[in-house]
Amino acid sequence: MSKINVLDYNAEDFLERIDLRLDEYKEKAIEAATQEAAFKSWEAARRVALIDSGKSATYAQDAVKSEPEWAEMYLEMEQAKIEAEDIKARVNQGIRYFEAWRSKYSAEKRAA
(Lines give C-alpha, C1' and ligand atoms only; values in the text may rest on other atoms or scores of the structure.)
Protein backbone atom coordinates (compact mmCIF):
# COMPACT_ATOMS: atom_id res chain seq x y z
CA MET A 1 0.00 0.00 0.00
CA SER A 2 1.37 3.37 -0.94
CA LYS A 3 1.49 6.31 1.40
CA ILE A 4 -0.77 9.22 0.68
CA ASN A 5 -0.28 12.85 1.54
CA VAL A 6 -3.34 13.48 3.66
CA LEU A 7 -3.10 17.22 3.09
CA ASP A 8 -3.90 16.67 -0.59
CA TYR A 9 -7.49 15.94 0.51
CA ASN A 10 -10.21 17.81 2.33
CA ALA A 11 -12.64 16.58 4.98
CA GLU A 12 -15.44 16.02 2.47
CA ASP A 13 -13.20 13.75 0.37
CA PHE A 14 -12.44 11.56 3.35
CA LEU A 15 -16.01 11.44 4.63
CA GLU A 16 -17.39 10.65 1.17
CA ARG A 17 -14.91 7.80 0.69
CA ILE A 18 -15.66 6.45 4.16
CA ASP A 19 -19.40 6.56 3.44
CA LEU A 20 -18.90 4.69 0.16
CA ARG A 21 -16.82 2.03 1.91
CA LEU A 22 -19.42 1.74 4.67
CA ASP A 23 -22.12 1.12 2.07
CA GLU A 24 -19.90 -1.52 0.43
CA TYR A 25 -19.29 -3.12 3.82
CA LYS A 26 -23.00 -3.25 4.64
CA GLU A 27 -23.74 -4.96 1.33
CA LYS A 28 -20.95 -7.52 1.76
CA ALA A 29 -21.85 -8.15 5.40
CA ILE A 30 -25.48 -8.80 4.45
CA GLU A 31 -24.33 -11.08 1.62
CA ALA A 32 -22.06 -12.98 4.03
CA ALA A 33 -24.84 -13.33 6.61
CA THR A 34 -27.25 -14.54 3.94
CA GLN A 35 -24.76 -17.14 2.73
CA GLU A 36 -24.09 -18.26 6.28
CA ALA A 37 -27.81 -18.65 6.98
CA ALA A 38 -28.31 -20.64 3.77
CA PHE A 39 -25.32 -22.84 4.56
CA LYS A 40 -26.43 -23.57 8.11
CA SER A 41 -29.98 -24.25 6.99
CA TRP A 42 -28.81 -26.64 4.26
CA GLU A 43 -26.44 -28.38 6.67
CA ALA A 44 -29.14 -28.83 9.32
CA ALA A 45 -31.68 -30.11 6.79
CA ARG A 46 -29.21 -32.69 5.47
CA ARG A 47 -28.37 -33.82 9.02
CA VAL A 48 -32.03 -34.10 10.03
CA ALA A 49 -32.79 -36.13 6.90
CA LEU A 50 -30.04 -38.61 7.73
CA ILE A 51 -31.10 -38.82 11.38
CA ASP A 52 -34.73 -39.34 10.34
CA SER A 53 -33.59 -42.21 8.12
CA GLY A 54 -32.15 -43.95 11.18
CA LYS A 55 -28.53 -42.77 11.15
CA SER A 56 -26.85 -41.56 14.33
CA ALA A 57 -26.26 -37.85 14.87
CA THR A 58 -22.50 -38.37 14.75
CA TYR A 59 -22.76 -40.27 11.48
CA ALA A 60 -25.07 -37.60 10.04
CA GLN A 61 -22.68 -34.80 10.97
CA ASP A 62 -19.68 -36.57 9.44
CA ALA A 63 -21.61 -37.63 6.35
CA VAL A 64 -22.84 -34.11 5.65
CA LYS A 65 -19.35 -32.63 6.06
CA SER A 66 -17.96 -35.19 3.63
CA GLU A 67 -20.36 -34.13 0.87
CA PRO A 68 -18.77 -32.02 -1.92
CA GLU A 69 -21.59 -29.47 -1.62
CA TRP A 70 -20.68 -28.87 2.03
CA ALA A 71 -17.13 -27.84 1.16
CA GLU A 72 -18.28 -25.63 -1.72
CA MET A 73 -20.91 -23.85 0.35
CA TYR A 74 -18.59 -23.51 3.34
CA LEU A 75 -15.82 -21.97 1.24
CA GLU A 76 -18.24 -19.55 -0.45
CA MET A 77 -19.54 -18.50 2.96
CA GLU A 78 -16.03 -17.97 4.34
CA GLN A 79 -14.96 -16.06 1.22
CA ALA A 80 -17.92 -13.70 1.64
CA LYS A 81 -16.93 -13.12 5.27
CA ILE A 82 -13.32 -12.42 4.27
CA GLU A 83 -14.45 -9.93 1.61
CA ALA A 84 -16.64 -8.13 4.15
CA GLU A 85 -13.78 -7.97 6.66
CA ASP A 86 -11.44 -6.66 3.95
CA ILE A 87 -13.82 -3.80 3.21
CA LYS A 88 -14.23 -3.18 6.95
CA ALA A 89 -10.44 -2.87 7.22
CA ARG A 90 -10.48 -0.30 4.40
CA VAL A 91 -13.18 1.66 6.25
CA ASN A 92 -10.98 1.70 9.34
CA GLN A 93 -7.99 2.74 7.24
CA GLY A 94 -10.02 5.61 5.81
CA ILE A 95 -10.94 6.69 9.32
CA ARG A 96 -7.26 6.62 10.32
CA TYR A 97 -6.36 8.72 7.26
CA PHE A 98 -9.11 11.17 8.18
CA GLU A 99 -7.79 11.42 11.75
CA ALA A 100 -4.27 12.03 10.39
CA TRP A 101 -5.61 14.69 8.04
CA ARG A 102 -7.53 16.38 10.84
CA SER A 103 -4.47 16.35 13.09
CA LYS A 104 -2.15 17.78 10.40
CA TYR A 105 -4.77 20.30 9.31
CA SER A 106 -5.19 21.51 12.89
CA ALA A 107 -1.44 21.75 13.37
CA GLU A 108 -1.08 23.81 10.19
CA LYS A 109 -3.92 26.14 11.21
CA ARG A 110 -2.30 26.68 14.61
CA ALA A 111 1.08 27.35 12.97
CA ALA A 112 -0.39 29.91 10.58
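Thresholds applied
Residues numbered from 1 in each chain as written. Predicted model: local features only at pLDDT ≥ 70, side-chain atom pairs only at ≥ 80, totals over all residues. Heavy atoms only, no water. Helix = DSSP H or I, 4+ residues; strand = E, 2+ residues; numbered from the N terminus. Rg over C-alpha atoms; globule rule 2.2 N^0.38 Å. Buried < 20%, exposed > 50% of the residue type's maximum accessible area, 1.4 Å probe, protein only. Areas by Shrake-Rupley, 256 points an atom, 1.4 Å probe, with all protein chains shown as cover. Lys, Arg positive; Asp, Glu negative; His and termini not counted. Charge placed at Lys NZ, Arg CZ, Asp CG, Glu CD. Patch = residues over 30% accessible without salt bridge, like charges linked within 9 Å, V, L, I, M, F, W, Y side chains within 5 Å. Salt bridge = Lys/Arg side-chain N within 4 Å of Asp/Glu carboxyl O. Expected span 1.5 Å × (residues − 1). Contact = heavy atoms within 4.5 Å. Phe/Tyr/Trp six-rings, centres within 6.5 Å; stacked < 30°, edge-to-face > 60°. Lys NZ or Arg CZ within 6 Å of the ring centre and 35° of its normal. Polar contact = N/O pair within 3.5 Å; in protein donor to acceptor, adjacent residues only side chain to side chain.

K.L.:
For the overall build of the protein, give the residues involved together with the corresponding values.
P.N.:
When helices and strands are tallied, the protein shows 3 helices and 0 strands. Listing every helix and strand of the protein by position from the N terminus yields α-α-α. For 112 residues, the compact-globule estimate of 2.2 N^0.38 gives 13 Å, and the C-alpha radius of gyration of the protein, at 23 Å, exceeds that figure by more than 25%. Counting only C-alpha atoms, the protein reaches 80 × 20 × 15 Å along its principal axes. Here the protein holds 112 residues, and 20% of them are scored as buried. Roughly 8000 Å² of accessible area belongs to the protein as shown, and the carbon and sulfur atoms make up 53% of that amount. Distance from the positive charge centre (18 side chains) to the negative charge centre (23 side chains) of the protein: 6 Å.

K.L.:
Residues and numbers for a negative patch on the surface, please.
P.N.:
Together, Glu-12, Asp-13, Glu-16, Asp-19, Asp-23 and Glu-27 make up a negatively charged patch on the protein surface. Along the chain, Glu-27 falls in helix H1 (residues 11-52).

K.L.:
If you had to explain the environment of Tyr-59 to someone new, which residues and values would you point to?
P.N.:
The residue Tyr-59 is located in helix H2 (residues 57-65) in this model. Its relative accessible area of 43% is what places Tyr-59 among the partly exposed residues.

K.L.:
Can you tell me about helix H3 (residues 68-111), naming the residues and giving the values?
P.N.:
Since the α-helix turns once every 3.6 residues, residues separated by three or four places project in the same direction. In a regular helix each residue adds 1.5 Å, so 44 residues correspond to 64 Å; H3 covers 64 Å between its end C-alpha atoms and thus fits that length. The inward-facing, buried residues of H3 abut H1 and H2.

K.L.:
Can you break down the packing of aromatic side chains residue by residue, with the values?
P.N.:
One pass over the full model with this rule turns up 6 aromatic pairs. Ring centres 4.9 Å apart and planes at 5° place the aromatic pair Trp-70 and Tyr-74 in the stacked group. Note that Trp-70 and Tyr-74 are positioned in helix H3 at a spacing of 4 residues, about one turn of the helix. Residue Trp-70 is classed as buried on the basis of its relative accessible area of 15%. Overall, the relative accessible area of 31% leaves Tyr-74 in the partly exposed class. A network of ring pairs unites the aromatic residues Phe-14, Phe-98 and Trp-101 as a single cluster. Against the face of Tyr-59 rests Lys-55, its NZ or CZ located 5.3 Å from the ring centre.

K.L.:
Before we move on, could you go through the side chain of Glu-67 and cite the residues and values that matter?
P.N.:
Along the polypeptide, Glu-67 turns up in the loop between H2 and H3. With a relative accessible area of 15%, Glu-67 lands in the buried category. A distance of 2.7 Å separates polar atoms of two side chains, one belonging to Glu-67 and the other to Arg-46. If sequence neighbours within four positions are ignored, Glu-67 has contacts with Trp-42 and Arg-46.

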